[in-house]
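# Residue-level structure breakdown
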Amino acid sequence: MHSITKLPSFARFLIISIPFFTFSYQALAQNITLSGFVSDAASGEKLIGAIVAVPSLNIGTATNTYGFYSLTVPSAEAKQLEVNYVGYEPKVVTIDPVAGGKLNIELTATLQLKEVSLSSSKKTPIHERSQMSSAEIPIAQAKALPTFLGEVDILKVIQLLPGVQAGNEGSSNLIVRGGSPDQNLILLDGVPVYNAYHLFGFFSVFNADALSNMEVIKGGFPARYGGRLSSVIDIRMKEGNKQKIHAEGGIGLLASRLMIEGPIIKDKISFMVSGRRTYYDILARPIIKSQTDGNGKLILNFYDLNAKLNYKISDNDHVYISAYMGSDKFGFKDKSNGETFSSGIKWGNITTVARWNHLFNNKLFGNLTAYHSRYQFDLYSEYAGSNDNFKMNYISGIYDWAGKYDLDYIPNNRHYIKAGAGGTYHTYTPGAMQIKGNAIETTDSTDKLRSVETHVYIEDDFLVTGKLKVNVGLHANSFSIRSKNYFSLQPRLAARYILFERTSLKASYAKMNQYIHLLSNSGVGLPTDLWVPATDKIRPMQADQVALGIAHNTRQDIEISIEGFYKKMNNVLEYKNGASFALTGTKWENNVTQGKGEAYGGEFFVHKKSGNTNGMISYTLSWSNRLFPDLNEGKVFPYKYDRRHDFKIALVHKFSKSIEVSGEWIFGTGNAMSIPTAKYYSSVTPNNNGDWAYSYYYPSRNNYRMASYHRLDIGAKFTKVKAKSTREWVLGVYNLYNRKNPFFIYTEENNGATTFKQVSLLGIIPSISYNFKF
Amino acid sequence: MKQLFIAASATVLLGSCTSSLTTPIEVSKEKEQLVVNGFVAMINQTIPTAAVQVSVTQKLSQPGTPQMVTDAFVELNGTGFSYNPAESLYIPQTGINNASSFKMNITAGTIKASAEDVLPAFVPIVSATFTGVKKLISRYGGDTPTDYYEIKISFDDPSQAGDYYQLVMSVADSMQVASGFLFGSTEYDPDVVCNDVGVYEEQVIEQDPFENNANVFIPSNMVLMSDKYFNGQRKELTFYVSNYFLVGFPEFPDTSAPQPSEYVYMGLHHMSKKSFNHYKNVKLQQWNEGNPFAEPTIVPGNVSGALGFFGCRSISTTKLKTPL
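Since the model is a prediction, treat every value here as computed from it, not as a measurement. (Residues numbered from 1 in each chain as written. Chains lettered and ligands numbered in written order. Predicted model: local features only at pLDDT ≥ 70, side-chain atom pairs only at ≥ 80, totals over all residues. Heavy atoms only, no water.)

## Comments concerning the overall build of chain B
Broken down by element type, chain B carries five helices and 18 strands. In chain B, which comprises 324 residues, the proportion classed as buried is 50%. Taking contacts inside chain B between residues at least 6 apart in sequence as the whole, the part at least 24 apart equals 68%. (Helix = DSSP H or I, 4+ residues; strand = E, 2+ residues; numbered from the N terminus. Buried < 20%, exposed > 50% of the residue type's maximum accessible area, 1.4 Å probe, protein only. Contact = heavy atoms within 4.5 Å.)

Written as structure tokens, this is what we have:
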């Protein structure tokens, strides 16, 4: 918790300076302000981050997350406006110096994507942005990479970025700059998604067909974001084609999917609906039946549904209503001799959000958001016999109701001010046991924990001079639970200074607070991991991160960046020594302990976006350590995901318009884990009479390094474009050289001797899928 | 040819998928280390007793128990120890003098090790009585309540904070007979039992550790506790001992099952925080053995130059005649 009195000078600077700068440029006369939306000409989809510029004056701006831009130019000198967006034909618009005002611009997609980018395809050149440690990933570009079992997984694409790594083999969870998986704020249309994984973490819940854009921020967080320490992953759903019905889908080994979008009233109301369902259990049913005398049934499936309605009320008002619903089921059912036994686990998210965009004038854009988010898992066991029945459910979840208002104010071309405020009402159910049967009916409910979280922020992306641009802001939030109130004031600063024509120096500082923790024994994204809040006993997590880097954009449009970072974390959470994976219910506060963490390192990133051969190379050298008074005898120990070296290379080559191949190779230092190295007599006490305590010796916590992780994936895409449709065959091989990467290690006792065995989960896995669009 | 190539590729790929994904690994090449464990116990404020054990670590891949070191030089506050093969312990050659703290020195070959601890103050058991019989449902199931004998034990916790205790009960003087105690009500609480005996210091969130864990079955003949919630106060603990542990199983006289006992023996061990943490983690590690989801338990030691633990205890003992 941070007192406002600790930063009086900073707050004073912010409060005083923003109006001053705003006023000074507003005072300029004979300017006209152009504003409007940039959208796809064919579908009407808003384009996020499109560049709108007046090249002759060397001024420009980028569209916001709703495709809105505002640009003030001297009326006498403004002649032509140029609009650019990756994958679209540039458009030049002649400015009417008298009319000015609103100017909506439609861009036409290039027939064939000339530049296939793997990631980080910023519309503004990397060296010009004040934001550092970030990457914006067009969904179409994420689809170009090799896939696992034919399923495009955007979170796995994010894992290719420097400073981002997967927790375990095959997992989609994200470890960002030494943080834990719960330190990532994953937003779908601005709504937090608590469990973003299907099938125990092997796939993300995001169906790429339903998405339009994704941005990842690892540091230098703008003030508009808060609530997590390590990253923000801001994912946007498609709005729905306003012009015509369009569909796309695919059939894969694991799942099939379908997305339909189109106008309800042309140019006025559009919709998008998409669904995906796996059918592994259906395919496996004959095998399971044969092994259980025809009585057994495996339940292993997931589905997700996305829907969005986009209503353009007027030129100044848009309403969006979107929803996501996804669920996983894993269990087994056996029916024999008149008895039925079933057991398993169900988990899933539901999010619904309504947003109202309002354009007050050509400099002020507002967005009102109201949303609900729910995550719940249900561990169940059920027996039904002729005379007896029994049902047990263990339910845990988190429910949010929230509202917020955000404003974009662009007084002139030197300032882009964002401000907003909001609040969330959280209800946590760490665990509730329900037992019902003939002879018994009990409910052992953990007390529901209710909390209110509020935030307010202001930030300014401020072009101080031609060379210096800063993003300065302040995020304040509060959290009330039980009788405890926490308050935090979080200054944010990011700056770039142009050193040479295409090279800039960047620096950032961000303080972040997090009022929610994920209790996890496994770290593999199991749905049984519990989301729990900060309480009067468990303090909120807090982090300070600084980063320094150089960004360079070559004439061949290759982006190169080198960044160093240092992140200090307080009140991070771990289970206590010896705490067991259990449905801890009310006891969770007593089974955890808090300590400190630090992560630091360097990241190197090369990204070639253009040409028939393109790709990226990333390397991260980093350290991530923890220090807990109650763990490892109070000594520093490496975090389980401490990864000294992390190297990734991804390439795409287009042989022709119809044939494209891709490959990626990943190498990472193995995870750290605690393994005993010997056994010994650990105690002699007055009353044990020769029955001495016999213990396993752990030299320290996380003393052992698993084997290095590496694998090669390849893919090939064969596309055939017809008059009204496109079809695509996608072939892929995951882990081409069948590397047995460690997933976990277990011990085996044999005649008093202990041996260790490493289990690998995913060997070489070929896949094929068929995609279509019409 | 094309079809043949595709078929061959598919066969190779699918064949690879079925290969074993479990491989044995070697995780440690560490050399054996010296292990020293010892205690000093002052029972009912009489002459201190002590014992020291010297052994070496054993590789996990080797079966059997760790090897003892029988030719070490051991001394405690100037008193020499000699090895007793019958007990596999080093015991004092002469009586040990009273002292407020004790330091042991060990030399085994070229390795020197030492450890020290302070003898905690004597905390006597003020009272221990049988207070009645209750019909309770056994933890082991069944619908028929059986007799449980209620025992109340009290002691006065010293005024300073940070006192740590181990309370041991048994039906044999040697205090080695496995026994069981049930605290409070008839309910079985899996959450607490899963954590065994070592975690009461933090488990308890209200004023009274045992009232708030009233439904705890302790699958052991001892509990560990701190005075976190009763510092400076008289503490009364209530136990329920199954009838079976008092009457024993006379129908199986030749087995290791408990036999009828004339007395219930009790010992209140006052110990240091380091001793408490050490023993707590020893018990936790034993409890979690084989549980793949348990967090690792590192057992802290306090011996310089070797593994192991040396601790001093002041013990108050009493016995209750079995009311049968």
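On we go from here.
## Examining the overall build of chain A
Summing up its helical and strand segments, chain A has four helices and 49 strands in all. Across chain A, contacts joining residues at least 24 apart in sequence account for 65% of those joining residues at least 6 apart. Of the accessible surface of chain A, which amounts to about 29,200 Å², a share of 59% is contributed by carbon and sulfur atoms. (Areas by Shrake-Rupley, 256 points an atom, 1.4 Å probe, with all protein chains shown as cover.)

## Let's talk about helix α5 (residues 273-288) of chain B
Because the α-helix completes a turn every 3.6 residues, residues three or four places apart line up on one side. Residue and element names in this part refer to chain B. Between its first and last C-alpha, α5 extends 22 Å over 16 residues, near the 22 Å set by a 1.5 Å rise per residue. Of all the positions in α5, only Ser275, Phe276, His278, Tyr279, Lys280, Asn281, Val282, Lys283, Leu284, Gln285 and Asn288 are classed as buried. Positioned one or two residues after α5, glycine 290 has a phi angle of 90 degrees, which is positive. (Expected span 1.5 Å × (residues − 1).)

## What about the packing of aromatic side chains?
Residues and elements named next belong to chain A. Counted under the stated rule, the structure contains 26 aromatic pairs over all chains. Each ring, one from tyrosine 600 and one from tryptophan 623, has its centre 5.4 Å from the other, and the planes form 15 degrees; the classification is stacked. Separated by 23 residues along the polypeptide, tyrosine 600 in strand β36 (residues 592-608) and tryptophan 623 in strand β37 (residues 613-627) bring together distant segments of the chain. Assessed through its relative accessible area of 28%, tyrosine 600 is described here as partly exposed. Residue tryptophan 623 is classed as partly exposed on the basis of its relative accessible area of 28%. (Phe/Tyr/Trp six-rings, centres within 6.5 Å; stacked < 30°, edge-to-face > 60°.)

## What about the side chain of asparagine 84 of chain B?
Relative to the assigned elements, asparagine 84 of chain B resides in strand β6 (residues 79-84). Sequence-distant contacts of asparagine 84 of chain B, defined by excluding residues within four places in its chain, comprise Leu89 and Ile91 of chain B.

## Considering the interface of chain B and chain A
The interface is formed by 72 residues belonging to chain B together with 61 residues belonging to chain A. A buried area of about 5,700 Å², summed over both sides, lies between chain B and chain A, and 58% of it is on carbon and sulfur atoms. Note that arginine 701 of chain A and glutamate 295 of chain B form a salt bridge whose closest N and O atoms lie 2.9 Å from each other. The interface formed by chain B and chain A includes 12 residue pairs in polar contact (both at pLDDT 80 or more). When residues in the side of chain B that touches chain A are grouped by element, the largest group, eight residues, is from α5 of chain B. (Buried area = accessible area lost by both parts, 1.4 Å probe. Salt bridge = Lys/Arg side-chain N within 4 Å of Asp/Glu carboxyl O. Polar contact = N/O pair within 3.5 Å; in protein donor to acceptor, adjacent residues only side chain to side chain.)

## What about the nonpolar core?
Residues and elements named next belong to chain A. With 50 residues, the main nonpolar core has Ile154, Ile158, Phe206 and Ile235 as its most contacted residues. Contributions of two or more residues to this core are made by α2 (139-142), α3 (154-158), β11 (174-176), β12 (184-188), β16 (211-217), β17 (231-237) and β21 (296-314). With four residues, α3 is the largest single contributor of residues to this core. If we ignore the near neighbours within four places in the chain, the residues touching phenylalanine 206 are Val152, Ile154, Leu155, Ile186, Leu188, Val193, Ala196, Leu211, Ile235 and Arg276. (Core = buried A, V, L, I, M, F, W, Y, C linked by side-chain atoms within 4.5 Å.)

## A look at the pairing of strand β19 (residues 255-265) of chain A
Residues and elements named next belong to chain A. Here six bridges tie strand β18 (residues 246-251) to β19, and the two strands are oriented antiparallel to one another. Its bridge partner lying in β19, glycine 250 is registered against arginine 257. Taking the residues that link successive antiparallel strands as the turn, the β18-β19 hairpin has three residues. Of the strand pairs in this sheet, β19 and strand β20 (residues 269-278) are connected by 10 bridges, and their pairing is antiparallel. (Pairing = 2+ DSSP bridges.)

## Some words on the sheet that holds strand β42 (residues 678-683) of chain A
Judged by pairing direction, the sheet is antiparallel, and its three strands sit side by side in the order β43(A)-β42(A)-β4(B) without closing on themselves. Each end of this open sheet is capped by a strand with a single partner; those strands are β43 (693-697) of chain A together with β4 (58-59) of chain B. Direction of pairing for β42 of chain A relative to β4 of chain B: antiparallel, over a ladder of two bridges. Directly across from lysine 679 of chain A, in β4 of chain B, lies its bridge partner glutamine 58 of chain B. Most of the contacts of α5 of chain B go to β43 of chain A, to which it runs at about 80 degrees, and overall it touches β42 and β43 of chain A. (Axes fitted to C-alpha atoms, helices over the stretch in contact; angles between N-to-C directions.)

## Considering the side chain of asparagine 357 of chain A
By secondary structure assignment, the location of asparagine 357 of chain A is in strand β23 (residues 339-361). The residues touching asparagine 357 of chain A, leaving out its near neighbours within four places in the chain, are Tyr66, Asn316, Asp317, His318, Tyr320, Phe365, Gly366 and Asn367 of chain A.

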